[in-house]
Amino acid sequence: MSGRLKASTREITPTGTTKFHHESGQRRSELVGWLYISPSLLINSVFLLFPVVATLLLAFTTWNGLEDPSWTGFANFVDIFASPAFWQALINNGKWTVIFLTVPIALALLAAAALFRARRLRFLQTIFLIPYILPTVLQARIWQGMIFNPESGVFGWLSKHGISIPDPLINTDTSLYGIALVNLWAWWGFLTVIFFAAFRQIDKELLDAARVEGAGFWSQLFRIQIPLIKPTVLFMLIMTFVWSFLIFDYVYVLTDGGPAGSSEVLSTLAYRYGFERFEFGKAAAISAFAGLLGMMAILFYIWLQKRGVER
Amino acid sequence: MKQTLLTLILSLAFLAGAAAEPKEITLWITDFNQQQFDDFGRTVIDPFNSSQSEYKVKATLIQHYDRELKLALSAGKGPDVLFTEGPSYLVQYSKTGFVIPLDGYAAKYSWDKRFVGSMLNLQRLNGKLYGLPDEYESMFLYYNKTLFEKNGWTPPKTLEELQKIAEDAKSKGITPFAAGNASWKGTNEWFVTVVLNHYAGAANVYKALTGELPWNAPVFVDAIKLLNDWWKKGYFSKNYYALTGTQATDDVATGKAAMLISGSWAIHDLTETFKQSGQQWDWIAFPSVGPEATYPLYEIGIGGTQSISKFCKSPDGAAAFLDYMYQPKVFMAWTEAQPATGQLLPPGNFADSDTKSDKLDPRLVKQNDAVLACIKSGAIGYTTWTFWPDRTESVIVDGLEKVWAGQLSEADYLKGVNDQFQQDKKDGRIPPVITPQLK
């Protein structure tokens, strides 16, 4: 107790001693910070840093999983950049990103705003969330076998009754959008719950004041609610970008990148190189490229944080 | 003194107990359902374990086998008895020294007499035997016999006969060839295998496999053009990419489709689906659809090989198990337990009495006899998944969809196949090939 008093006495005196105490306190709190962060740093170092470094190194080698890897420099990158399949996959990832940065975000913001306004509808958030908690493979099988399938699904039943809707997964022009639809079905509900939770943090007095001033639903949504949850929206946008370049499971289960590579994305292409052709060097090069894009998005987010843009 | 004596007795007893403990031989099994796994244990593993006391085989069902195997081997582990998905896969394991030569065991157990030489030689690399042929397969043209009789169609043997039935079927709203790759993308290569052999002919395929002819030679381009022509004409199921193999077979069973281009493995689905529809099915050798093809011709496929891992601590035990597994009595017990798997009997020099069983579907027995006769005569065709290197096989599977989608010409598709094949050849990844005895 006396020590604390002593320290505070020193703090109010603008001398070198006080400065020393201020620095010492800062150093101590930094030390505590490091202490708290050390478990996650340790886990990340072991389970993340090592695989990342190994993948990066592997990208510069030829390795079939059995023989010792041999150093090939940038040959894997040269090969994959020369491959039309790579560019097709990259374009598909781009399309996927555009879809997921717009459609589910817009749908979710709208649905969250509606739930926020209409208290009686709030039970719907549970229903919206159900698809998200289903395992991906189950979601995929529901759509592939029970809805899209021209023999056993709803589309097949409709077709027998004169309403012909083609299975989007089997057409080269629509396969990617078919997969995106399945993923959207699960994803937008999750986003709705996130945005709804963010809306609930808004000071009600602000909204009441706006209402008194005559602001309607759209005006409140675009001028007050969305600006006030900007950090949440921005974070979800950045993460959507990152996740869009990691998409694998839906594509793998629903089309395996087909037909004719029309729904191939970088991760399924990397899987194909790695586990079908056992060219782990090329698989690692594709993964490294995809990882680089995700890293850029995260760095952009950190830059925005530093500039205070998200506040 | 008493204590020392007691310790000595106990130690000796422990050592004696340890010596009596059978040495474990591990085996990884993939692509079996639980019933098949249990049947295999009951008919093969348990009898082996009871037949002697020195070794005990322990089997484990493994998902993503190839991937898991490579990861385990790179860590110095993995199963003692090493299964690969065919000779082209075995090449990599033998090249890298992960499997041991079996020549000593082959001599000890007279495997060269039990197995047909040409089939055994597919596992022979640089003069050494690295594996035994396990599953062998072939391609056939299955058809709905009831539908054929109703429409007055005779099972086709030529291109003209085949296309005439296909056109007639189409005009009646019947799909000529039921097909679907939703459950197995590799379905694509069945059709490539069929046209390469039955249009371009086994002799040309052999020339290309041995480097005398490029894969983009006109005769192969024409073969793929024929296949693409069938696709464009709508001979294959409209929902090819949505149908599973079973759904496609069901379409034949219910008369929605007339024929099925598939392998010996299709017998399982055919048995099940036709049982439900109450109609009849049969098979015929795939027609000769090109000027240079012979008839009848059966493509040979080795769907698996069995080897011994270099990390195996009891290779003698593993060899004893392999020898036991391929005793005619043992594999017949296993085949009879799964009479509808459609897995042809291992290609061996067996007496007819060894392989006779009234539990097997007579159509499977007929297939078995036809293919075995073809193997023994040397007039064989080649399946892409047995005689092509694995990376080239991957190009064959993926590229065909692009041809069908109109994104790749037949010539460009085969140029890609040829480029990959030449690269694989350079990298020493080409599996052994059987020289055909052409008539």
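A quick note: this is a predicted structure, and the numbers were derived from the prediction, not measured.

Soluble globular proteins tend to bury their nonpolar side chains together. Residues and elements named next belong to chain B. Residues Trp215, Phe220, Trp230, Phe236 and Trp388 are the most contacted members of the largest nonpolar core, which totals 93 residues. The biggest single contributor to this core is helix H12 (residues 218-232), with 9 residues. Excluding residues within four positions of it along the chain, Phe220 makes contact with Leu196, Ala200, Asn204, Val205, Ala208, Leu213, Pro214, Trp215 and Leu414.

This structure, assessed with the given rule, holds 22 salt bridges over all chains. Measuring nitrogen to oxygen at the nearest pair gives 3.4 Å for the salt bridge that ties Arg124(B) to Asp103(B). Here Arg124(B) is found in strand E4 (residues 124-125), whereas its partner Asp103(B) is found in helix H5 (residues 103-109), with 21 residues between them in sequence. Looking at Asp103(B), the relative accessible area reads 28%, which means it is partly exposed. Within this structure, Asp79(A), Arg277(A), Glu279(A), Lys282(A), Arg391(B), Asp424(B) and Asp427(B) form a network of salt bridges that share partners.

Time to look at the sheet that holds strand E8 (residues 139-144) of chain B. Residues and elements named next belong to chain B. Judged by pairing direction, the sheet is mixed, and its 4 strands sit side by side in the order E9-E10-E8-E11 without closing on themselves. The two strands at the open ends of the sheet, each matched to only one other strand, are strand E9 (175-178) and strand E11 (281-284). Pairwise comparison of adjacent strand axes, ignoring direction, gives a mean angle of 25° for this sheet. Here 3 bridges tie E9 to strand E10 (residues 257-263), and the two strands are oriented parallel to one another.

Chain-level statistics for chain B give a pLDDT mean of 90 and a share of 92% at 70 or above. Model confidence for the complex: the whole-complex pTM is 0.83, and ipTM, which rates the interface, is 0.77.

Let's shift gears to a nonpolar patch on the surface. Together, Leu121(A), Phe123(A), Ile127(A), Ile130(A), Tyr132(A) and Ile133(A) line one region of the surface with nonpolar side chains, adding up to about 580 Å² of accessible area. If you trace the backbone, Phe123(A) turns up in the loop between helix H4 (84-117) and helix H5 (124-133).

This part takes up the interface of chain A and chain B. On the side of chain B, 29 residues touch chain A, which itself brings 22 residues to the contact. Interface of chain A and chain B: buried area, both sides summed, is about 2,300 Å²; carbon and sulfur atoms make up 55% of it. Connecting chain A to chain B are 2 salt bridges. The partner of Glu279(A) in a salt bridge is Arg391(B), and the shortest N-O contact between them spans 3.2 Å. Summed over the shared surface of chain A and chain B, the result is 6 residue pairs in polar contact (both at pLDDT 80 or more). Per-class residue counts for the side of chain A that touches chain B are 8 nonpolar, 7 polar and 7 charged.

Let us now look at the sheet that holds strand E7 (residues 136-137) of chain B. Residues and elements named next belong to chain B. Taking strand neighbours across the sheet as the criterion, the 3 strands line up as E7-E12-E14 in an open arrangement whose pairing is mixed. Both edges of this open sheet fall to E7 and strand E14 (380-382), since each of them pairs with a single strand only. The pairing of strand E12 (residues 298-302) with E14 spans 3 bridges and is classified as parallel. Paired with Ile300 across the bridge in E14 is Tyr382. With respect to the sheet, helix H10 (residues 187-200) is in contact with E12 and E14, its orientation differing from that of E12 by roughly 135°. Packing of helix H18 (residues 362-377) onto the sheet brings it into contact with E7, E12 and E14, and relative to E12 it is tilted by some 90°.

As a further point, take helix H11 (residues 230-244) of chain A. All names here are of chain A. Counted at 1.5 Å a residue, the expected span for H11 with its 15 residues is 21 Å, and the 21 Å between its end C-alpha atoms agrees. Residues Val233, Leu234, Met236, Ile238, Met239, Thr240, Val242 and Ser244 constitute the buried set of H11. On the buried face of H11, the contacting elements are H4, helix H8 (175-199) and helix H14 (280-307).

Moving on to the packing of H8(A) against H11(A). All names here are of chain A. Close contact between H8 and H11 brings their axes to 10 Å; oriented N to C, the two are set at 155°. The angle between H8 and H11 falls in the class roughly antiparallel. Here H8 runs over H11; the crossing is right-handed. Across the interface between the two elements, Trp187, Phe190, Leu191, Ile194, Phe195 and Ala198 of H8 pack against Thr232, Val233, Met236, Thr240 and Trp243 of H11. Residue composition of the contact of H8 with H11, grouped by class: 9 nonpolar, 2 polar and no charged.

On to the packing of aromatic side chains. All chains considered together, the criterion is met by 70 aromatic pairs over all chains. We note Arg67(B) situated over the ring of Phe275(A); from NZ or CZ to the ring centre the distance is 5.0 Å. Between the NZ or CZ atom of Lys70(B) and the centre of the ring of Phe278(A), over which it lies, the distance is 3.4 Å.

All names here are of chain B. With 7 bridges connecting them, strand E1 (residues 23-29) and strand E2 (residues 55-61) associate as parallel partners. Looking at E2, one finds that Ile25 is bridged to Val57. Following the chain from E1 across helix H2 (residues 34-51) to the adjacent parallel E2, one finds a crossover that is right-handed.

Another point: the packing of H12(B) against helix H21 (residues 410-426) of chain B. Residues and elements named next belong to chain B. Contact geometry for H12 and H21: axes closest at 9 Å, N-to-C directions at 125°. For the element pair H12 / H21, the angle class is oblique. Where H12 crosses over H21, the handedness of that crossing is right-handed. Between H12 and H21, the contacting residues are Phe220, Val221, Ile224, Lys225 and Asn228 on the first element and Glu410, Ala411, Tyr413 and Leu414 on the second. Tallied by class, residues from the contact of H12 with H21 come to 6 nonpolar, 1 polar and 2 charged.

With that settled, the discussion passes to the side chain of His198(B). All names here are of chain B. Following the sequence through the fold, His198 ends up in helix H10. Take His198: its relative accessible area is 0%, and that puts it in the buried class. A distance of 2.6 Å separates polar atoms of two side chains, one belonging to His198 and the other to Glu299. Leaving out residues up to four positions away in the same chain, His198 has contacts with Phe286, Pro287, Ser288, Val289, Gly290, Ala293, Leu297 and Glu299.

What follows deals with unusual backbone geometry. Put simply, Gly258(A) and Pro259(A) share a cis peptide bond, and its omega is -10°. One can find Pro259(A) in the loop between helix H12 (249-254) and helix H13 (266-276). Look at the link from Tyr295(B) to Pro296(B): it is a cis peptide, with omega at -5°. Positive phi outside glycine occurs at His64(B), with the angle close to 50°. Given a relative accessible area of 42%, His64(B) falls into the partly exposed group. At Ser110(B), a residue that is not glycine, the phi angle is positive and equals roughly 55°. Inspection of the secondary structure puts Ser110(B) in the loop between H5 and helix H6 (111-114).

Residue and element names in this part refer to chain B. Taking 1.5 Å per residue as the helical rise, H2 with its 18 residues ought to reach 26 Å, and the 24 Å between its terminal C-alpha atoms agrees with that figure. Along its length, H2 shows its largest kink, about 40°, at Gly41. If you check which residues of H2 are buried, you get Gln36, Phe37, Asp39, Phe40, Gly41, Thr43, Val44, Ile45, Phe48 and Asn49.

Within the element layout of this structure, Pro131(A) appears in helix H5. Setting aside residues up to four positions removed in sequence, Pro131(A) forms contacts with Gln139(A), Trp185(A) and Ala186(A).

Definitions and limits used
- Residues numbered from 1 in each chain as written.
- Chains lettered and ligands numbered in written order.
- Predicted model: local features only at pLDDT ≥ 70, side-chain atom pairs only at ≥ 80, totals over all residues.
- Heavy atoms only, no water.
- Core = buried A, V, L, I, M, F, W, Y, C linked by side-chain atoms within 4.5 Å.
- Buried < 20%, exposed > 50% of the residue type's maximum accessible area, 1.4 Å probe, protein only.
- Helix = DSSP H or I, 4+ residues; strand = E, 2+ residues; numbered from the N terminus.
- Contact = heavy atoms within 4.5 Å.
- Salt bridge = Lys/Arg side-chain N within 4 Å of Asp/Glu carboxyl O.
- Pairing = 2+ DSSP bridges.
- Axes fitted to C-alpha atoms, helices over the stretch in contact; angles between N-to-C directions.
- pLDDT = per-residue confidence, 0-100.
- Patch = residues over 30% accessible without salt bridge, like charges linked within 9 Å, V, L, I, M, F, W, Y side chains within 5 Å.
- Areas by Shrake-Rupley, 256 points an atom, 1.4 Å probe, with all protein chains shown as cover.
- Buried area = accessible area lost by both parts, 1.4 Å probe.
- Polar contact = N/O pair within 3.5 Å; in protein donor to acceptor, adjacent residues only side chain to side chain.
- Nonpolar A, V, L, I, M, F, W, Y, C, P; charged D, E, K, R; others polar.
- Expected span 1.5 Å × (residues − 1).
- Parallel < 35°, antiparallel > 145°, perpendicular 65-115°, else oblique.
- Left-handed = near helix turned anticlockwise from the far one by under 90°.
- Phe/Tyr/Trp six-rings, centres within 6.5 Å; stacked < 30°, edge-to-face > 60°.
- Lys NZ or Arg CZ within 6 Å of the ring centre and 35° of its normal.
- Right-handed = clockwise from strand over helix to strand, strands pointing away.
- Bend = angle between axes of the 7 residues up to and from the residue.

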